[in-house]
Amino acid sequence: MTDLSSLPPYPHRHLLGIRDLSPFDIELLLDRADAAVSISRQSEKKTSTLRGRTQINLFYEASTRTQSSFELAGKRLGADVMNMSVASSSVKKGETLIDTAMTLNAMRPDILIIRHQSAGAAALLAQKVGCSVVNAGDGAHEHPTQALLDALTIRRAKGRIAHLTVAICGDILHSRVARSNILLLNALGARVKVVAPSTLLPSGIAQMGVEVTQSMVEGLKDADVVMMLRLQRERMAGAFVPSVREYFRYYGLDAEKLKAAKPDALVMHPGPMNRGVEIASEIADGPQSVIQEQVEMGVAVRMAVMEALLDPRRNRDGHNA
Amino acid sequence: MSITVFQRARIVDPSRGIDETGTVIVDGKKIVAAGADALNQGIPGGAEVVDCTGKAIIPGLIDGRVFIGEPGGEHRETIASASVAAAAGGVTSVVMMPDTDPVIDNVALVEFVLRTAKETASVNIFPAAAITKGLDGHEMTEFGLLCEAGAVAFTDGRHTIASSMVMRRALTYARDFDAVIAHETQDADLASSGVMNEGLYASWLGLSGIPREAETIPLERDLALARLTRGNYHAAKISTAMAANAVSRAKADGAKVTSGVSINSLSLNENDVGEYRTFFRLAPPLRAEEDRVAMIEALKDGTIDLIVSSHDPQDVDTKRLPFADAAVGAIGLETLLAVALRLYHNDEVPLLRIVEALSTAPAKLFGLPGGTLKPGALADLALVDLGEPWLVREADIRSRSKNTCFEGARLQGKVLKTLVGGRTVFSA
């Protein structure tokens, strides 16, 4: 089913977070992404869905993986893609986010993809520009396309999300991926467990719709999916956990700990991985790992999202509507 | 001198415990009579008579914590523009914080403020001087000379003194001049990169939280030092139930301790941050609803002595940023009274107590004239329609900065006239 137009139109203009989405919206995006996977697997990968549309990637944080995924997604849909590399731009000269946004807006793009170190940056941008905005990660707030690609990966492997048990392990405190995933998995009826040292849990975690544990064995018990999170290097040495060695001992995913999960449990990681810190190499490259599939689904999900946001049936003008 | 007779007003004078209908007679700069029986000698000849039926006269508000941009940040607020805003809010005196550029940490700066105020301001401006030079938390300023020059209190403004030793010496030395040390407490280390109240709400927004303990740890230290030194300590802006308990205990122990609360902590909570609304990024951060309710209780039972606006004008450019990058603070001079009156209209706090916390209590704490309608006192007062509804609109804001937490809010209680030393400085 590669005919995207057979799917119902998508009701939102921006994708700022999973919180704004209904279960129906999420399923719709996943259905569209399923169709986009087949496009990416053809030898002729280019479509004309977004021909003539302009996509700007505005990345305030370096991110090879997410930025190239969005870039490829746009190109496969036929859009003109421009990357604003912040390191070499006027942002370095002190221009504010809003001024940069207004400048870019004046170039009449159809869609802006933003990655920013501050929570709320994507929402702020969306208030000020006339085009669609996709949040590609804002501080510790949300990273909706990551949660969608994780969901797509799970759904394709397991056939569903509802009633699966998903363990999210590692630095929940600083993780936008964790927040978006908790929201999405709860919306689709999964059971969510989080495993982390208490120093890496946000305040109020028990009220976020998850079961909390400090034990990997307990957390991974009955898990259909094990999602590992990246631990930033600067957080390893003393500030949040005493050492890499100790962290890996208790929270690093190795063969022994993985035994606690269901035998067919999926192992996921949003990347980039710290091998030997949060995940052992043999697991990352092992038979249960779907880490490479996640990357593939990333392109598909981003195609689906952009194509949904710019669906002419919702928004004929595509600009300032 | 001209005589004005305000007739049939509801006279609310906490300094005498009066809330009654009567007459206020102002002769020149002073109040000559105020009360139910003020007219027993008849209306003085040649007096201007103002009928105040249905309206109230209260002592002019004394705002104990106001940040002004002059010198150094005149684009945010000048002493003149702050005074226009104050007058419109029924505020007749403001205690100005030393967080200016340069810092008010020497006699010349105090003199500059007083001179500028004399030349440009329509309300009384009383400078508070820094506790430490440059607000850096290390070296004490010249408390004696600064008091002589006209500083009414010592405070490091937005800054918290980290060193217990510096705080101990300041409290001890200030005692020799009968000066108040007013301190905002936030443990910089514990607050770290926090930008809003720690809790579920901050966690979902992905914003770093400031735990309540960041306020109470340095506060408890200060209270212990106040007991030790018998110094005059004022907890300038408390926001948590824990802090109120700590202050209450210190008072019960007989320490010379008072406390203040920002009007924002009495009227708003963390949910008002909504989707990263930077005008609600405040210090202390807006706390949970339980804390707000605890602040009201503490105001009622006298644990909290004064309500301040914590008026802090910020430029739009520094607010139109992602939440964690935005400047801290909100203006409040023009809305202070009407927002406080919500507590009266909701039957949460008696009117006399509210007016006391806004006028009589700060006058007493800082040793200022005003805060009373007693015969013989300077005629610093406000004529208020307590019930009149109004809408806060950005276009009507007189302050040079527009960063109000109350834009679009429907408030009840409008200032009709403000007198400073008998002179009308605002008339609606």
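Residues numbered from 1 in each chain as written. Chains lettered and ligands numbered in written order. Predicted model: local features only at pLDDT ≥ 70, side-chain atom pairs only at ≥ 80, totals over all residues. Heavy atoms only, no water.

Per an unreviewed UniProt entry, the recorded name for chain B is Dihydroorotase, and the organism is Aminobacter carboxidus.

By the naming in an unreviewed UniProt entry, chain A goes by Aspartate carbamoyltransferase and is assigned to Aminobacter carboxidus. The annotation that UniProt attaches to chain A under Pathway (unreviewed entry) is "Pyrimidine metabolism; UMP biosynthesis via de novo pathway; (S)-dihydroorotate from bicarbonate: step 2/3." (UniProt positions renumbered as here; feature names shortened; annotations may be inferred.)

(A) Structural view of the overall build of chain A. From N to C terminus, chain A includes 11 helices and nine strands. A globule of 321 residues ought to have a C-alpha radius of gyration of about 20 Å, and chain A, at 19 Å, matches this closely. Each principal axis of the C-alpha distribution contributes one length, and for chain A these read about 55 × 50 × 35 Å. Here the contacts in chain A between residues at least 6 apart in sequence split such that 73% fall between residues at least 24 apart. Charged side chains in chain A number 38 positive and 34 negative. The centres of these two groups are separated by 2 Å. (Helix = DSSP H or I, 4+ residues; strand = E, 2+ residues; numbered from the N terminus. Rg over C-alpha atoms; globule rule 2.2 N^0.38 Å. Contact = heavy atoms within 4.5 Å. Lys, Arg positive; Asp, Glu negative; His and termini not counted. Charge placed at Lys NZ, Arg CZ, Asp CG, Glu CD.)

(B) Seen up close, the UniProt feature "domain: Amidohydrolase" (unreviewed entry) in chain B. When the UniProt feature table is mapped onto this chain numbering, "domain: Amidohydrolase" (unreviewed entry) sits at residues 347-426 of chain B. Helix and strand shares over residues 347-426 of chain B are 20% and 32% respectively, and the end C-alpha atoms of the span are 29 Å apart.

(C) Spatial organisation of the interface of chain A and chain B. Each partner contributes to the interface: chain A provides 23 residues, whereas chain B provides 14 residues. If you sort the residues of chain A by the area they bury against chain B, Ala119(A), Ser203(A) and Met208(A) come out on top, with a joint share of 28%. Here chain A and chain B share zero salt bridges between them. Mapped by element, the contributors of at least two residues to the side of chain A that touches chain B are helix 3 (97-106), helix 4 (121-128) and helix 6 (176-187) of chain A. Among the residues forming the side of chain A that touches chain B, the class breakdown is 10 nonpolar, eight polar and five charged. (Buried area = accessible area lost by both parts, 1.4 Å probe. Salt bridge = Lys/Arg side-chain N within 4 Å of Asp/Glu carboxyl O. Nonpolar A, V, L, I, M, F, W, Y, C, P; charged D, E, K, R; others polar.)

(D) Structural view of the environment of Phe6(B). Residue and element names in this part refer to chain B. With respect to the element layout, Phe6 can be found in strand 1 (residues 3-13). A residue is classified by how much of its surface remains accessible, and Phe6, at 2% relative accessible area, is buried. For the pair formed by Phe6 and Val26, sequence separation is 20 residues and the distance between their alpha carbons is 8.1 Å. Residues in contact with Phe6, not counting those within four places in the same chain, are Gly22, Thr23, Val24, Val26, Val50, Cys52, Ile57, Lys417 and Leu419. (Buried < 20%, exposed > 50% of the residue type's maximum accessible area, 1.4 Å probe, protein only.)

(E) Structural context of the sheet that holds strand 15 (residues 306-308) of chain B. Residue and element names in this part refer to chain B. Overall, parallel pairing links the five strands, which are arranged 9-10-13-14-15 in an open sheet. Looking at strand neighbours, the two that pair on one side only are strand 9 (154-155) and strand 15, the edges of this open sheet. Here strand 13 (residues 232-235) pairs with strand 14 (residues 257-262) via three bridges, running parallel. Residue pairing in the sheet places His234 in a bridge with Thr258 of strand 14. (Pairing = 2+ DSSP bridges.)

(F) Highlighting the UniProt feature "domain: Dihydroorotase catalytic" (unreviewed entry) in chain B. Sequence positions flagged by UniProt for "domain: Dihydroorotase catalytic" (unreviewed entry) are, in local numbering, residues 54-240 of chain B. Summarising residues 54-240 of chain B: 37% helix, 18% strand, and an end-to-end C-alpha distance of 37 Å.

(G) Summary view of the packing of helix 1 (residues 23-41) of chain A against helix 5 (residues 144-158) of chain A. All names here are of chain A. At a minimum axis distance of 10 Å, the contact between helix 1 and helix 5 shows a crossing angle of 75 degrees. One finds that helix 1 runs roughly perpendicular with respect to helix 5. Between helix 1 and helix 5, the residues in contact are Ile26, Glu27, Leu29, Leu30, Asp31, Ala33, Asp34, Val37 and Arg41 and Leu148, Ala151, Leu152, Arg155 and Arg156, respectively. Each residue belonging to the contact of helix 1 with helix 5 can be placed in one class, and the counts come to eight nonpolar, no polar and six charged. (Axes fitted to C-alpha atoms, helices over the stretch in contact; angles between N-to-C directions. Parallel < 35°, antiparallel > 145°, perpendicular 65-115°, else oblique.)

(H) Broad picture of the packing of helix 1 of chain A against helix 11 (residues 291-309) of chain A. Residue and element names in this part refer to chain A. Where helix 1 meets helix 11, the closest approach of the two axes is 8 Å, and the angle between their N-to-C directions is 120 degrees. If you check the angle between helix 1 and helix 11, you find them oblique. Considering how the two elements wind past one another, helix 1 and helix 11 form a crossing that is right-handed. Along the contact surface, helix 1 presents Leu29, Arg32, Ala33, Ala36, Val37, Ile39, Ser40 and Arg41, while helix 11 presents Glu296, Met297, Val299, Ala300, Val301, Met303, Ala304, Val305, Glu307 and Ala308. Considered class by class, the residues forming the contact of helix 1 with helix 11 number 13 nonpolar, one polar and four charged. (Left-handed = near helix turned anticlockwise from the far one by under 90°.)

(I) Highlighting helix 5 of chain A. All names here are of chain A. The terminal C-alpha atoms of helix 5, which comprises 15 residues, lie 21 Å apart, in line with the 21 Å expected from a rise of 1.5 Å per residue. Along helix 5, 12 of the 15 residues are buried, which leaves the element largely enclosed by surrounding structure. All of the buried residues along helix 5 are Pro144, Thr145, Gln146, Ala147, Leu148, Leu149, Asp150, Ala151, Leu152, Thr153, Ile154 and Arg155. One or two residues past the end of helix 5 sits Gly159, with phi positive at roughly 85 degrees. (Expected span 1.5 Å × (residues − 1).)

(J) Focus on the pattern of salt bridges. All names here are of chain A. Scanning the entire structure with this criterion turns up 35 salt bridges over all chains. Taking the shortest distance from any N to any O, the salt bridge between Lys75 and Glu71 comes out at 2.8 Å. In this pair, Lys75 and Glu71 both sit in helix 2 (residues 64-76), four residues apart, roughly one turn of the helix. Across the pair Asp222 and Lys221 runs a salt bridge, and its minimum N-O distance is 3.7 Å. A relative accessible area of 36% places Asp222 in the partly exposed class. Linked through salt bridges whose partners overlap, the residues forming this network are Glu27, Asp31, Asp34, Arg155 and Arg156.

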